[in-house]
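What follows is each chain in one-letter form.
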Amino acid sequence: MTFVPHRVAVLAVDAVVGLDLGTPAQVLGAARTPDGDPLYAVDACTAGGRPVRSTAGFQVLPDHGLELVAAADTVVVPGVHGGGPMTDGTVDPAVAAALRAAHARGARVMSICTGAFVLAAAGLLDGRRATTHWAYAGLFRRLHPGIELDPEVLFIDSGDVLTSAGVAAGIDLCLHVVRTDHGSDVANRAARRCVVPPWRDGGQAQYIERPVPRDPAHGTAATREWARQRLHEPVALRDLAAHARMSVRTFTRHFRSETGLSPAQWLLQQRTDHARLLLETTDLSVEQVARRSGFGTATALRQRLHGRVGVSPSAYRRAFRARA
């Protein structure tokens, strides 16, 4: 039986951001089967197959027109810095129609960074929660006041429509898609191939107001790594602060500025991700997974996982095994 990779169309419009344009091919292209076959076939296209300007001083000459969108399983819209989507909230009618048609037939539609402006102009974000680069949040709200914008997260997955924050968050989103489609093991291997972390802590909040401290000795990175090694143990806020040699108040302030999350939120996120990995890659019972990930009981894990991904631990494991 011939293996058929998932078809991805990267739809570029004028003033496309160069890095965003290349991200899907680089990250999704790194996802492979155990035999080394690519799991995704990624190609670029534009309206009419015409060249478009990039923001990096070069033009993009694609191999395909919008017919690629019509045949794709996933459509990705990279960021833009200019043109109708950023000035008056409009987009080429042909592009809008192609995106709406793809979504209507069941294709997954994604945006990277300010590509959310294109999805919004096409009407695909109406009534949805979305994100984009934090620096353009004000403009987005002015152009699209009816869309619930959350500029503090790295990406938002609404199932059939996904949006991500600025620039490198496109990498996070693509790895999330690989993880959703094929599990954490495949996503982790793709991340290693791209020499990037499999996931990043927190959200955009850590970049909006204060940068990460330049001196690691005065930050919380070492303590976060210490906590990751002890997810199966009860770790209190005072334990984290003591490890960092800070007062609880000082530690909490530094932690939030670096990760965009409170220590409690971060720990819950880490435990949930670890539980998902154990469910995907081991035959441990749900009770054992709950203990090893720090939830203590299967009931606590079940409640958390259902709130995070909408399914029980057993259903999550069955879904992953079916994908595998």
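Refer to the preceding data block for the structure.
Below is a short write-up of the structure.

1. Some details on the overall build of the protein chain
For step 1, the next point in the chain: Tallying secondary structure elements over the protein chain gives 16 helices and 10 strands in all.
For step 2, the next point in the chain: Expected size for 324 residues packed as a compact globule is a radius of gyration near 20 Å; at 21 Å, the protein chain falls within 12% of this value.
For step 3, the next point in the chain: C-alpha extents for the protein chain along the principal axes are approximately 60 × 50 × 35 Å.
For step 4, the next point in the chain: Restricting to contacts in the protein chain with at least 6 residues of sequence separation, those with at least 24 account for 65%.
For step 5, the next point in the chain: Within the structure as shown, the protein chain displays about 15100 Å² of accessible surface, and the carbon and sulfur contribution to it stands at 53%.
For step 6, the next point in the chain: Both charge centroids of the protein chain, one from 37 positive and one from 30 negative side chains, sit 6 Å from each other.

2. Examining the pattern of salt bridges
For step 1, the next point in the chain: The final tally for this structure, using the stated rule, is eight salt bridges.
For step 2, the next point in the chain: A salt bridge links Arg53 to Asp14, with the nearest nitrogen and oxygen atoms 2.8 Å apart. Taken as a pair, Arg53 in strand E3 (residues 52-53) and Asp14 in the loop between strand E1 (6-11) and helix H1 (18-28) lie far apart in primary sequence, 39 residues in all.
For step 3, the next point in the chain: For Asp14, a relative accessible area of 36% puts it in the partly exposed group.
For step 4, the next point in the chain: Taking the shortest distance from any N to any O, the salt bridge between Arg224 and Glu258 comes out at 3.1 Å. Of this pair, Arg224 sits in helix H10 (residues 221-228) while Glu258 sits in helix H12 (residues 248-259), and the two are 34 residues apart along the sequence. Exposure class is identical for Arg224 and Glu258. Each is buried.

3. Thoughts on the nonpolar core
For step 1, the next point in the chain: Counting residues in each nonpolar core, the largest one holds 35 residues, and the members touching the most others are Val69, Leu99 and Leu125.
For step 2, the next point in the chain: Put simply, the parts of the chain that give this core at least two residues each are E1, helix H2 (67-71), strand E5 (74-77), helix H4 (93-104), helix H5 (115-121) and helix H6 (137-143).
For step 3, the next point in the chain: When near neighbours in sequence (up to four residues on either side) are disregarded, Leu99 contacts Leu11, Val75, Val77, Val109, Val118, Leu119, Ala122 and Leu124.
For step 4, the next point in the chain: Leu28, Ala31, Ile112 and Ala190 belong to the second largest nonpolar core, which has 28 residues in total.

4. Description of unusual backbone geometry
For step 1, the next point in the chain: The backbone phi angle of Val167 is positive, close to 45°, even though this residue is not glycine.
For step 2, the next point in the chain: Here Val167 lies in the loop between strand E10 (161-164) and helix H7 (169-182).
For step 3, the next point in the chain: The class of Val167 is partly exposed, set by a relative accessible area of 36%.
For step 4, the next point in the chain: Here Val195, not a glycine, exhibits a phi torsion of approximately 60°, which is positive.
For step 5, the next point in the chain: Mapping Val195 onto the fold places it in the loop between helix H8 (184-194) and helix H9 (205-208).
For step 6, the next point in the chain: Residue Val195 is classed as exposed on the basis of its relative accessible area, which comes to 72%.

5. Observations regarding H1
For step 1, the next point in the chain: Buried within H1 we find Gly18, Asp20, Leu21, Thr23, Pro24, Val27 and Leu28.
For step 2, the next point in the chain: If you follow the buried residues of H1, they end up packed against E1, strand E2 (40-45), strand E4 (59-60), E5, H7 and H8.

6. Brief notes about H10
Two residues of an α-helix separated by three or four positions point the same way, owing to the 3.6 residues in each turn.
For step 1, the next point in the chain: Residues Thr223, Arg224 and Ala227 constitute the buried set of H10. The arc that holds the buried residues of H10, viewed along the axis, is 105°, so those residues lie on one side.
For step 2, the next point in the chain: In the core, the buried residues of H10 are packed alongside helix H11 (237-244), H12 and helix H13 (263-281).

7. Observations concerning the pairing of E10
For step 1, the next point in the chain: Covered by surrounding structure in E10 are Val161 and Thr163 together with Leu162 and Ser164, the residues of both alternating faces.
For step 2, the next point in the chain: In this sheet, E10 lies alongside strand E6 (residues 108-111) in parallel orientation, the contact comprising three bridges. Of the residues in E10, the one forming a bridge with Val109 is Val161.
For step 3, the next point in the chain: When strand E9 (residues 155-157) meets E10, the two strands line up antiparallel, connected through three bridges. Considered in E10, the bridge of Ile156 is made with Thr163.
For step 4, the next point in the chain: The hairpin formed by E9 and E10 contains three residues between the paired strands, and Gly159 there has a positive phi angle of roughly 95°.

8. So, the pairing of E2
For step 1, the next point in the chain: Taken together, the six bridges between E1 and E2 define a ladder with parallel strand orientation. Residue pairing for E2: Arg7 is matched across the bridge by Ala41.
For step 2, the next point in the chain: Assessed by its sense of winding, the connection that carries the chain from E1 through H1 to E2 is right-handed.

9. Here we look at the side chain of Ser111
For step 1, the next point in the chain: You can see Ser111 is positioned in strand E6.
For step 2, the next point in the chain: In this structure Ser111 comes out as buried when scored by relative accessible area, which is 0%.
For step 3, the next point in the chain: A polar atom in the side chain of Ser111 sits 3.5 Å from the backbone nitrogen of Ala116.
For step 4, the next point in the chain: Other than its neighbours up to four places away in sequence, Ser111 contacts Val77, Ala116, Leu119, Leu162, Thr163, Ser164 and Leu173.

Reading guide: rules and limits
Residues numbered from 1 in each chain as written. Predicted model: local features only at pLDDT ≥ 70, side-chain atom pairs only at ≥ 80, totals over all residues. Heavy atoms only, no water. Helix = DSSP H or I, 4+ residues; strand = E, 2+ residues; numbered from the N terminus. Rg over C-alpha atoms; globule rule 2.2 N^0.38 Å. Contact = heavy atoms within 4.5 Å. Areas by Shrake-Rupley, 256 points an atom, 1.4 Å probe, with all protein chains shown as cover. Lys, Arg positive; Asp, Glu negative; His and termini not counted. Charge placed at Lys NZ, Arg CZ, Asp CG, Glu CD. Salt bridge = Lys/Arg side-chain N within 4 Å of Asp/Glu carboxyl O. Buried < 20%, exposed > 50% of the residue type's maximum accessible area, 1.4 Å probe, protein only. Core = buried A, V, L, I, M, F, W, Y, C linked by side-chain atoms within 4.5 Å. Arc of directions from axis to C-beta. Pairing = 2+ DSSP bridges. Right-handed = clockwise from strand over helix to strand, strands pointing away. Polar contact = N/O pair within 3.5 Å; in protein donor to acceptor, adjacent residues only side chain to side chain.

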